[in-house]
Structures are given as C-alpha cells and as structure tokens.
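Coordinate inspection notes
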Amino acid sequence: MKQHRRRRLEERFFLVLMVFSTVTVLGSLFLILYTIIRRGMPALSVDMLTKVPKGGYYLGKEGGILNAIVGSLYLAGGGTLIALVLSLPIALYLHSHARHSRVVHVTRLALDVLWGVPSIVYGAFGFIILLALGMRASLLGGIIALALLELPIMTRGMDEAIAMIPDALKEASYALGATHLETAVKVILRQSAPALLTAVLLAFGRGIGDAASVLFTAGYTDRLPDSLLSPAASLPLAIFFQLGTPFPAVQQRAYASALVLTVIVLALSIAARYFAKRLTRNVVK
Amino acid sequence: MEATQIRIQDLNVWYGSQHILRNINAAIPARGITAIIGPSGCGKTTLLRSINRLLEETEGMRVSGQVLLGGVDIYRPGADVTAVRTRIGLLAPKPFPLPMSIYENVAYGPRIHGWHSGHLYEIVQRNLEAAGLWDEVKDRLRTPASRLSTGQQQRLCLARALAVEPQVLLCDEPTSALDPISAQGVESQLQRLKQDHTVVVVTHILRQARRLADNVMFMWLGELVEEGTAVQLFTSPNDPRTKAYLAGSIG
Amino acid sequence: MRRIAAKLFNPKSDRAGSDPRRSRRWWKRVALDKSAHYTMRLLTMATVGLVPLIAGALLWRAWPILATHRLTSLLFSQAWHPLRGEFGFLPFIMGTLWVTTVAMLLAVPPSLLTAIYLAEYAPVRVQRLANPVIDLLAGIPSVVYGVWGVLVIVPLVGNQILPFVSRHLGALALFRTDNPTGFGVLAGGAVLAVMIFPLIIAVAQDLIRAVPQGLREASLSLGATRWQTVKHVVLRRARAGVVAAVVLGCSRALGETMAVLMVVGNVPQIPRSIFDAAYPLPALIANNYGEMMSVPLYDAALLGSALVLLLVVLGFNVASRLAVMRLVGTN
Ligand SMILES: Nc1ncnc2c1ncn2[C@@H]1O[C@H](COP(=O)(O)OP(=O)(O)OP(=O)(O)O)[C@@H](O)[C@H]1O
Ligand SMILES: [Mg+2]
C-alpha cells in the first residue's frame, strides 16, 4: 500500500513538472512576442518603413530603415532563388534516379550536417570566396552566403515533402513506361507542389532573419542597393547596429525594426504552414 | 460452473460517431476458458480491451456501461486503473518484449508493484515454467528478450503477464503470429492455466475454440449475438447468424 | 492516375501501331532523362562535397597562423594580444563551454519534459495547439532573441537574480562576481536555452513517438502507471534518440552567434562564475570582422577559430545523426 501511494505521488510529481515545463516553453514564445510588440510599437512609424537613413539617423535624427528592408528582401530573395535552383533537382534526384541507392543516405547525412553548420561559418566561408574572387562585401556576396545557408534547409524540406507521396503513385507512373525524369516532373512535382512551396518559404524565413552570415559578406550601407556588386543593408544587422548605439531614441528604433523582422518571419512561417496543410488535401490517395 | 467472474452490463463503445460495441451484456464464469469468436472487425479486440480498460489508451474511444469484476464496477469513478489491469492481464496478438533482458521482462511487473522482497528470482523461474519457457532460457536469462524467437517471445509475454498474479487473463488471438508447434505450446499452457485463472481467448480459428473453450461468445457487427457453453453453442446454436457463421457461409 | 497516363503518352502513336521503343520520340525522352540524371547527380555530389570544401577553405586561410604558432599554444594559452602576435584562444574556448553548459543545463530538463508530455500525456487538442507554437518559436531570428535578451533577460539577471543569489549563495565561487551588469554567462545561456527548446523538443518528440504503441500497452496492462511506463519502457527504448536530440541542441548552441553576442558581455577572460562576462568563439569572429584585415595573422586566427567551431559542431552533429539512424534502423 505504501508502494502504491509512493508511485501515485511520483506520477503526480512528474506530471506537474511536465505541465510546468510545457507552459514555460509556450510562455517564452508569448513573452518574446509581447516584449517585441510592446517595445517596438511606440517607435514604429510610416517614416521608418518608407525612408532611408538621413544624416545623423544613428544619432536620433530623421530617416527610416527602408534600406535594410529592401536589402533584406533582395538578399533573401536572391539567396532563396539560387537555393531553389540547386535544391529542387537534388530533392527530385533523391526520389527518382537515386532511389534505393547508397547515394541517398550519404546525401541526406551531408544535408543534415550542412543544416547544422553555424551561420557564422557560412559567413566566414562566403568571406573567403569573396577574397578569392577579389570582391568586396556586396549584395552578391550576401546572396551566396544565404544561398549556402538555405540550401540544406530547403532541400531537406523538399525531400521530406516528396517522401510523403505514396510510393505506389510513382510506381504506377514507372509501370506506364514513364522515365525517371517524366515521373519526377509530372507526378512528383505536381503532387507535392504546395509542400515544396512550404520548404521554400521556410528557407526564405531563415535567410531573411540571419545576421551572422551576411555580416562579412553583404556589408552595410544607408543607400538602397543599386547593383549586385554594391553593399546591401539588412534588417538583422540594422537591428544589431541600432541597438549598439548609446542613444535611447535609436535603440527604440532597433525594437521597432525587430518588430518588423518578426512580423515578416512569422507571416512567412504561418503561410508555410498553410501550404503544408493544403498538401494533404491535394494528394491522390 | 462456478460463480460469475466478470459481468458486462450495457457496454457501449463509440469511436467518434462510429458505434463499435452495441449493448453488450454478458457473464464470464470464473475459471475455465471462454472463447470469443466472430468475423473480422466485429469488435472482439475492442471488447477485450474494454475489460481491462486498455481501450482508453486509444484517443477518441468512448465507453459507457459497466464491467463488474467480482461484483465491483471497474469503470466506477475513482477506480484505480492500475489495480484493474493488475488483476486482469492482457496478452496481445503480437509479442512485445520490453526493451530489457528476459529476466527483467518477467521481473518487470513485480518490480513496478514493489513486490521485490528478495525472492524475485523464484517468481521469474515459477512463471517462466508456467509459460513453458524455463528450460529453453534458463541459461541465458540476461540476454535481451528481443533475441528470442517469436514463439518464445509470446510465451515470455505470457510469463510476464502471469508474474503479476492476475485473476483473469485476456488473450487476443494469442497464437496468430506463431507456427503450429509454438501455437500448440501456448494452447497447452492456457489449458493448464484455466485450473485457477479465468481465461478469455479471442480466436479466429474455430477449431481452436472447439479445442479450448468451455464457454463461447459469438459476436457479429458489434453485437453479442449468443453466448453459452461450448457444447451447446457448437452443436445447437440458437441464432441463425451463429449457425451461418459456424457453417462457414458468413464472416 | 489515368489523367497522368494520358498526358505521358500520346495515344495516337499507339494507335499507329508503331513500337514506342524504336520511335524518335522515345530516344529523345531517354536522352533527356539521361542528361537530367547527370546534372542532378553532379549537383548532389557538389552538395556532398560542400562540407569538406568549407573545411578546406577555412584551413587554407587559417594556415598562416597554424604554420607559425604551435597548436597547444593556440588552444591553451590565455594571452590574446593580436597586435603583439599572441593568439591564445583559451578564454574564448572557455567562454563557449561556459555559455553552452549553462544553456544545456537550463534547456534540457524542460525540453525533455515537454517532449514527453506532448508525446505521451497531452490530449490531441493540446498537441495541435502546442506544436505549431513551438515551430513558431523555432522560426524567430536570432537577433530578435538577442533584443529580447537585452530587454528582459539581462535586467532580470542583473536586477533580480544576481542580488538574490549573491545574498544567499555568495559564498560559492560559482556565484561570486564583480560584474553587476547582468550581461554575462547566465544571460547568454538563458537566451540560448530558449533558442534550442524547439529543436530538442521536436527531435525528442519524434523519436518518442516512434516507440511502438504495443510496448506501452504491454507495460500498462501489467498495471504500471503511465510514468513508470515512460520511465522504464519508452525512454529506455528511445534512449539513443533522446541523447541525439540533446547533442543536436548542444551543437546548435555551440555555433549560435548573434543572440549570444548581444547579451554575453564580450570580455576576453576565462569566466569564473555564471555572472561573469564571457566571450564565446562565434562572438569573437563576428565582432572583429572590421579590423581583422589590418592586423597581420588576425584574419588567419579568426578563420582558424571558425574552423575549430566547424569541426566541433560537425563532430556533435554526425554523432547525433548516426545515433538517430541506428535507432530508426532498429525500430
Ligand atoms: N484504433 C481504432 N481506431 C478506429 N477504429 C477502430 C480502432 N480500433 C478498432 N476500430 C474499429 O472498431 C471495429 C472493431 O474492431 P476490432 O479490432 O475490435 O475488431 P476485431 O473483431 O478484433 O477484428 P479482427 O478479428 O480483425 O481482429 C472495427 O470496425 C474497427 O474499424
Ligand atoms: Mg482483433
């Protein structure tokens, strides 16, 4: 009987701990959102979103962070485009030509490992590439670094999306005499399109939020980027630099910029989830 | 026949809007073997799992009605589920050896109940013997249970279930994963166990039911159509559906 | 399915009775397929080669310092005077270890308990609510975590935790400090912990769910409580997976840059207490990008530390992935 009470108590104790942990984890998200909204809202203005920094912006004078918003969209957009061009064929390859071969395991392991490489390392690697090419920090440099960062995220996302397609469907296509390529494009691609979009959006979200990889490679400027070879500002770095100034007014703007970035990333994340849900409706069972 | 061990009263089970068990009323006598037969999907497994409250592990299952064990409802508010399951054991169709050694598998039940007063080894030996496995494993008690053959694993699961000294043993197609020889082994252990346990066996094999059963329950589309002694039900079934099933024309 | 079939084949060619194997169209399809195959394979191989390429490039640029300094002096010396040509990485390595250790201590218990709760206890409704929220948490950029750390964690540490702890536990060296700001190991570890919650929870939850239901039921039908079942059966079976999740979280923590950089204080010293400022490796690399080209060997030193970081993280990652693969293989 004593044993009985003891294990009931143990069960209770751990259940309470578990619920407490879950609430803590979920609560931390809400606390972050609350903090960013609460502190970012007051400094957010139309000017912030539509103007580039004027003289003395970092001392608290006029201007906005349009340079960073546009720069970030260019950087992440370019990086995502390159990553897409590379990862779609790889993901398809894993499920068509290379199916059942050892290559698949090795590639997945390599992608998982790349996925874990810290973004500062991608930044350093991008920096070395720039040095080797005799280039300076520029929009192109940032795009390359972000493409590398996004490549494993996107490819693994697509890989998993394609894996959800029933094997029978692919086999039916092969059985009709379709080649691997035809099956990949006409069956796999079509069936998994919404989920592939999910992978793209998630990768874009990671790219636009990453600071360490663009720190060395994209540089920073108060102007809008006008060519691939000129430096480009980015939102994460804008936040970082503004927060680093000693002026409270500028720090306020850092909070507002953080709010802008958070809204963009969360919107992407929610959109991605929406498309992922659509997949299950479209797949032929 | 002795007193009734388990009485099922107005038992209904829903899964979402699907009505899986309809108004089951039955009495399972103490000791002896009761066989539950019926076509696939008629609810045999569901009935069995509702008798030791394992059904509530499936999210979305709703149960109403009563299952009385020795006159006490196991679904009464405040009933201790673990006590119910200790008294009513369940043997699954597929063996699931726990991720530990052969010895630890059998010792698991007594341990979690805190009965380890020194003679754990004897408990393990006694129950492995009762399951007819002792001679095959006595020299390798410390090896992982997953190394045993499927037939041996199933007998290990039997020993494991017996080690918590249940009054009732529910067996869901206990031989369906086994070869004929192993199946025969399990059957003969069940024959021995019925001396002092109430054994309920779900089976697809009519000949197995004929060999083992003292009582038979026939189910059909979620209903309990007929119950009775084996002799009565097999020789002169009352319900036309039972007749048809036994003749092999339905199910 | 029939629609796809109709699109794949031109029914007219069949009606014409020609053998599709010999037609020009067939050759074209095969040639296209072959060339696509080679392109895809090339891309895939390039991706597989990317990890060695990155490591090689870092090694190449770090070579000047590896050639002029002994490895032991780089790794175990405290003297960090780039202008004098002294590059002792010990303070930064220790900073990384301190922050990562604190982060893991803070992150692992709640993450695992949450994963167990969501996989074993929570009703479906709660799971459907919690998991998307956790995914959102994973998507927040690290600078935003940094801002949050500066706004919430640092004041919390500096104004509440530090005074409280030093009043009651000040006798212990672990809690003694002359840095009253709140920027330091504890703040960095706390921000990191929140950042790696989602990763550990997601991986651990997946692998706990992969434990066959029959095992749980076997334990439950012996009269075990749910917690006993989790402790003795589920976690035992998913042990490798839980380790893998933790290791993965650890490798993420080791390499995280911006968020840590913003709250950790960045003083090149070996921390002695959880309230001391620290200077982890990634922060070192990120902070000194501007000046690193003007001082001789400085860039080689920083890229060398990036190499060290990469190798450590790779080691953790590969170990964890292999553990998961083994686990999934045996299930
Ligand atoms: N986990 C579940 N989820 C949904 N429906 C279920 C579940 N388990 C059982 N059912 C439904 O309950 C009904 C009865 O199932 P049950 O497994 O009890 O049948 P059975 O008589 O044991 O069949 P069999 O002889 O094939 O084992 C079936 O219609 C089945 O679809
Ligand atoms: Mg069944």
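Computed from a predicted structure; not experimentally measured. (Residues numbered from 1 in each chain as written. Chains lettered and ligands numbered in written order. Predicted model: local features only at pLDDT ≥ 70, side-chain atom pairs only at ≥ 80, totals over all residues. Heavy atoms only, no water.)

Examining the pattern of salt bridges
For clarity, the threshold we go by: The rule for a salt bridge is simple: a side-chain nitrogen of Lys or Arg has to be within 4 Å of a carboxyl oxygen of Asp or Glu. By the criteria applied, helices consist of DSSP H or I runs no shorter than four residues and strands consist of E runs no shorter than two, each listed in order from the N terminus. Burial classes follow relative accessibility: with a 1.4 Å probe on protein chains only, a residue under 20% of its type's maximum area counts as buried, one over 50% as exposed, and anything between as partly exposed.
Scanning the model with the defined rule gives 24 salt bridges over all chains in all. A:R6 serves as the salt-bridge partner of A:E10, at 3.8 Å between the closest nitrogen and oxygen. Here A:E10 pairs with A:R6, and both are found in helix α1 (residues 2-40), just four residues apart, close to one helical turn. Residue classification places A:E10 among the buried positions, given a relative accessible area of 18%. Residue B:K138 is joined to B:D135 by a salt bridge in which the shortest nitrogen-to-oxygen separation is 3.7 Å. For B:K138, a relative accessible area of 38% corresponds to the partly exposed category.

Some thoughts on the sheet that holds strand β5 (residues 72-73) of chain B
Residues and elements named next belong to chain B. For the record, the criterion: Strands pair, by our definition, only if DSSP identifies at least two bridges between them. Only heavy atoms matter for contacts: two residues are in contact if any of them lie within 4.5 Å across the pair. The axes are straight lines fitted to the C-alpha atoms, using for helices just the contacting stretch, and the angles between their N-to-C directions are given from 0 to 180°.
Sheet architecture is open: four strands sit in the order β2-β1-β4-β5, paired in antiparallel fashion. Edge positions in the open sheet fall to β2 (18-29) and β5, since each of these has one partner strand only. Where helix α1 (residues 44-51) meets the sheet, its contacts fall on β1 (4-15), β2 and β4 (61-69), and the angle it forms with β1 comes to roughly 120 degrees.

Section: the nonpolar core
Most often, soluble globular proteins keep nonpolar side chains buried together rather than apart. Note the threshold: For this analysis, a nonpolar core means a set of buried residues of the types Ala, Val, Leu, Ile, Met, Phe, Trp, Tyr and Cys, connected via side-chain atoms within 4.5 Å.
Core analysis: the largest hydrophobic core is formed by 171 residues, its most contacted members being A:I32, C:I54, C:L58, C:Y145 and C:V147. With 18 residues, helix α8 (residues 185-209) of chain C is the largest single contributor of residues to this core. Discounting chain neighbours no more than four positions away, the residues touching A:I32 are C:L137, C:I140, C:V144, C:Y145, C:W148 and C:V194. Core analysis: the second largest hydrophobic core is formed by 34 residues, B:L120, B:L128, B:L133 and B:C157 among them.

Re the interface of chain C and chain B
Our working definition: What gets called buried area is simply the loss in accessible area from a 1.4 Å probe that two parts show on being joined, summed for both. The term polar contact refers here to a pair of N or O atoms within 3.5 Å; inside protein, the definition further demands a hydrogen-donor-capable atom paired with an acceptor-capable atom, and it admits residues adjacent in sequence only when both atoms are side-chain atoms.
The interface is formed by 23 residues belonging to chain C together with 22 residues belonging to chain B. Summed over both sides, the interface of chain C with chain B buries roughly 1,800 Å², with 62% coming from carbon and sulfur. Among the residues of chain C in contact with chain B, C:E217, C:S221 and C:L222 are the three that bury the most area, contributing 33% of the side total. Between B:E57 and C:R226 there is a salt bridge, and its shortest N-O distance comes to 2.6 Å. In this assembly, chain C and chain B are joined by seven residue pairs in polar contact (both at pLDDT 80 or more). Looking at the side of chain C that touches chain B, the elements with two or more residues in it are α9 (213-220) and α10 (226-237) of chain C.

Quick word on the interface of chain A and chain C
Condition: Gly is placed with the polar residues, together with every amino acid not listed as nonpolar (Ala, Val, Leu, Ile, Met, Phe, Trp, Tyr, Cys and Pro) or charged (Asp, Glu, Lys and Arg).
Taken together, the contact pairs 84 residues of chain A with 85 residues of chain C. Between chain A and chain C the total buried area reaches about 7,900 Å² when both faces are included, carbon and sulfur atoms providing 80% of it. Applying the counting rule to chain A against chain C returns two salt bridges. A salt bridge links C:K231 to A:E10, with the shortest nitrogen-to-oxygen separation between them at 2.7 Å. At the boundary of chain A and chain C, one finds 10 residue pairs in polar contact (both at pLDDT 80 or more). The biggest single contributor to the side of chain A that touches chain C is α1(A), with 20 residues. Residue composition of the side of chain A that touches chain C, grouped by class: 60 nonpolar, 14 polar and 10 charged.

Shape descriptors only; they carry no functional weight alone.
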